[in-house]
Amino acid sequence: QPTSDAIARSVGLYVRGHRIRLTALLETREAIEPAMARLAAVNRTQEDIVRLAVAQTRLKASVQDRRAYLEANIDWHMAIADASHNEPLIGFMAAISDVIHSSTKSEPFDTDDIRQLTIAAHERIQAAIIAGDWQAAERRMARHVRAYGDRMRQNASDKGV
């Protein structure tokens, strides 16, 4: 039986094989991540809450280490995907997260200000998930991923891409 890992591999092959545009991946993320946050607020377990808190603690502790910060950020987003307990969404998120987040390694996405804004946004989303407030979790995640996507699109248009 296919697992979320199998979905991630298949989608990853599709994305790479068809050279899917980053903007299309951003649109996909903006469509599915708020839904995952909503589902995480409804379906999260105590283990999910602990995993989310650990990832957020790692994120805060690694603001001076670019690589560790990026890994913790991916882990935090994947913790939300896992807390959704929706295997297809988990697979899709796993497939696109590395591609999208690797783009944050360069300016203007890897600044101290952006890192602090990200941490603050994560805190608000995480609080809603822990409280089981699915509406706030969905709304806050939508705002978070939309702001990131807007910065990415603005950077691409500034470069004439």
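Preceding this section is the structure that the text describes.
### Observations regarding helix α4 (residues 66-84)
- The terminal C-alpha atoms of α4, which comprises 19 residues, lie 28 Å apart, in line with the 27 Å expected from a rise of 1.5 Å per residue.
- Phi turns positive, to about 55°, at histidine 85, one or two residues after α4.

### Details of the packing of α4 against helix α6 (residues 112-131)
- Running from N to C, α4 and α6 cross one another at 20°; their axes reach a closest spacing of 12 Å. The orientation of α4 relative to α6 falls into the category roughly parallel. The hand of the α4/α6 crossing is left-handed. Contacts between α4 and α6 pair Arg66, Tyr69, Asn73, Trp76, His77 and Ile80 from the former with Ile114, Arg115, Thr118, His122, Ile125, Gln126 and Ile129 from the latter.
- For the contact of α4 with α6, a count of residues per class yields six nonpolar, five polar and two charged.

### Considerations on the layout of surface pockets
- Roughly 190 Å³ of internal volume is contained in the second largest pocket.
- In terms of lining residues, the second largest pocket is bounded by Ile114, Leu117, Thr118, Ala121, Arg124, Ile125, Arg140, Arg143, His144, Ala147, Tyr148 and Arg151.
- At the level of secondary structure, the elements contributing two or more residues to the lining of the second largest pocket comprise α6 and α7 (134-158).
- Here the lining of the second largest pocket is built from residues that sort into six nonpolar, two polar and four charged.

### Notes on the side chain of histidine 144
- Within the secondary structure, histidine 144 is located in helix α7.
- A residue is classified by how much of its surface remains accessible, and histidine 144, at 13% relative accessible area, is buried.
- At 3.3 Å, the side chain of histidine 144 and the side chain of histidine 122 are in polar contact.
- In this structure, histidine 144 is in contact with His77, Thr118, Ala121, His122 and Ile125, ignoring residues within four places of it in sequence.

### Description of the environment of threonine 45
- Note that threonine 45 resides in the loop between α2 (22-43) and α3 (46-61).
- Looking at threonine 45, the relative accessible area reads 33%, which means it is partly exposed.
- Distance from threonine 45 to histidine 85, taken between C-alpha atoms, is 9.7 Å for residues 40 residues apart in sequence.

Calculation notes
- Residues numbered from 1 in each chain as written.
- Predicted model: local features only at pLDDT ≥ 70, side-chain atom pairs only at ≥ 80, totals over all residues.
- Heavy atoms only, no water.
- Helix = DSSP H or I, 4+ residues; strand = E, 2+ residues; numbered from the N terminus.
- Expected span 1.5 Å × (residues − 1).
- Axes fitted to C-alpha atoms, helices over the stretch in contact; angles between N-to-C directions.
- Parallel < 35°, antiparallel > 145°, perpendicular 65-115°, else oblique.
- Left-handed = near helix turned anticlockwise from the far one by under 90°.
- Contact = heavy atoms within 4.5 Å.
- Nonpolar A, V, L, I, M, F, W, Y, C, P; charged D, E, K, R; others polar.
- 1 Å grid on protein atoms, 1.4 Å probe; cavity = no way out; pocket = protein on both sides within 12 Å on 5 of 7 lines; lining within 4 Å.
- Points joined across faces, edges and corners; volume = space filled by probe spheres on them.
- Buried < 20%, exposed > 50% of the residue type's maximum accessible area, 1.4 Å probe, protein only.
- Polar contact = N/O pair within 3.5 Å; in protein donor to acceptor, adjacent residues only side chain to side chain.

Nothing here speaks to function; it is all geometry.
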